[in-house]
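# Summary of the model geometry
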Amino acid sequence: TSPDVPWYYGVCGGIGGIVSRTITAPLEKVKILSQTSSSRVGILKEWDRIVRTDGVKGLFAGNTANCLRVFPMASIVTFTYLNGLKLTPADNVLDPMEPVYRGCAAAFAGLCAQSLTYPIDVIRARMTVDATNVGPTQTPTQTPIETRSVLSTAKEVVKESGMRGLYRGLAPTLCAVAPFLACQMATADAGKSYAASINLEVTTPVMLAISGFAGVAAQTVV
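Being a predicted model, the structure only gives us computed values, none of them experimental.

Attention shifts here to helix α7 (residues 170-197). Along its 28 residues, α7 runs 40 Å from first to last C-alpha, staying within 8% of the 40 Å computed at 1.5 Å per residue. Once α7 finishes, N199 follows within two positions and takes phi at roughly 60 degrees, a positive value.

So this is what it looks like as structure tokens:
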């Protein structure tokens with residue numbers, strides 16, 4: 001915790017979000033297909049289908065919209081979380097209440113960030129689904145409608161459902177984001193604190209392990 005939270009902390013958070021989202025974009029496509037398909041979806045099999053149909057770039061279709069959402073969201077989460085901690089009794093000592101303080105600050109940061117960036121999330125999801133699903137009239141050799149722009153997708157959503165369409169599903173999303181970030185940030189901070197307590201230097205590989213575990217724990221919870 002620090003009384004000073006420079007603005008560039010938010011920029012660093014945004015850059016981190018873009019890097020992680022881009023690296024995991026191919027997995028994101030398979031995740032969405034798994035959630036919307038009635039049959040079991042294999043990661044390697046689906047990747048092979050996408051590459052044969054659309055080339056390697058097909059694995060990253062919709063990632064531009066994803067990054068346009070992730071950068072401001074990760075920036076807002078980082079900056080709001082660090083400032084929010086100053087409003088709680090949080091300190092650098094790991095005790096039973098410390099994860100609660102940090103979880104509350106993270107949940108608030110997530111609610112703020114998701115509310116401000118949600119329309120981009122809807123557009124990103126629409127582009128990813130359209131790029132992943134092959135319609136009933138399409139053959140595997142036909143190219144799905146994945147090349148349209150963020151703007152054209154936004155216009156399509158507004159045309160179909162009005163401005164409300166850009167906020168469809170906001171309530172359940174907020175219900176997922178708040179506990180996700182609360183669990184993720186509190187677990188990651190607890191992991192760093194525990195590492196320090198056993199004199200383990202928090203190097204980049206150690207931070208990746210701690211963050212990865214925190215992400216798995218949070219995703220499992222929500």
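Look at helix α8 (residues 204-221): 26 Å from first C-alpha to last across 18 residues, which is about the 26 Å you get at 1.5 Å a residue. Considered for burial, the residues of α8 that qualify are V206, I210, A214, G215 and A218. End-on, the buried residues of α8 take up no more than an arc of 165 degrees, which puts them together on one face. Relative to its buried face, α8 has exposed residues pointing more than 90 degrees away, namely T204, P205, L208, A209, F213, V216, Q219 and T220. Buried residues along α8 sit in contact with α7.

Here we come to the packing of α7 against α8. At a minimum axis distance of 8 Å, the contact between α7 and α8 shows a crossing angle of 150 degrees. Between α7 and α8, the angle falls in the class roughly antiparallel. When you trace α7 past α8, the crossing you get is right-handed. Contact residues: F180, C183, Q184, T187, A188, G191, K192 and A195 in α7; M207, I210, F213, A214, G215, A217, A218, Q219 and V221 in α8.

For the rest of this paragraph, the subject is unusual backbone geometry. Residues apart from glycine generally show negative phi values, whereas peptide bonds are mostly found in trans. Not every positive phi belongs to a glycine, and N199 is a case in point at roughly 60 degrees. Along the chain, the position of N199 falls in the loop between α7 and α8.

Definitions and cut-offs
- Residues numbered from 1 in each chain as written.
- Predicted model: local features only at pLDDT ≥ 70, side-chain atom pairs only at ≥ 80, totals over all residues.
- Heavy atoms only, no water.
- Helix = DSSP H or I, 4+ residues; strand = E, 2+ residues; numbered from the N terminus.
- Expected span 1.5 Å × (residues − 1).
- Buried < 20%, exposed > 50% of the residue type's maximum accessible area, 1.4 Å probe, protein only.
- Arc of directions from axis to C-beta.
- Contact = heavy atoms within 4.5 Å.
- Axes fitted to C-alpha atoms, helices over the stretch in contact; angles between N-to-C directions.
- Parallel < 35°, antiparallel > 145°, perpendicular 65-115°, else oblique.
- Left-handed = near helix turned anticlockwise from the far one by under 90°.

All we've got here are geometric facts, nothing functional implied.
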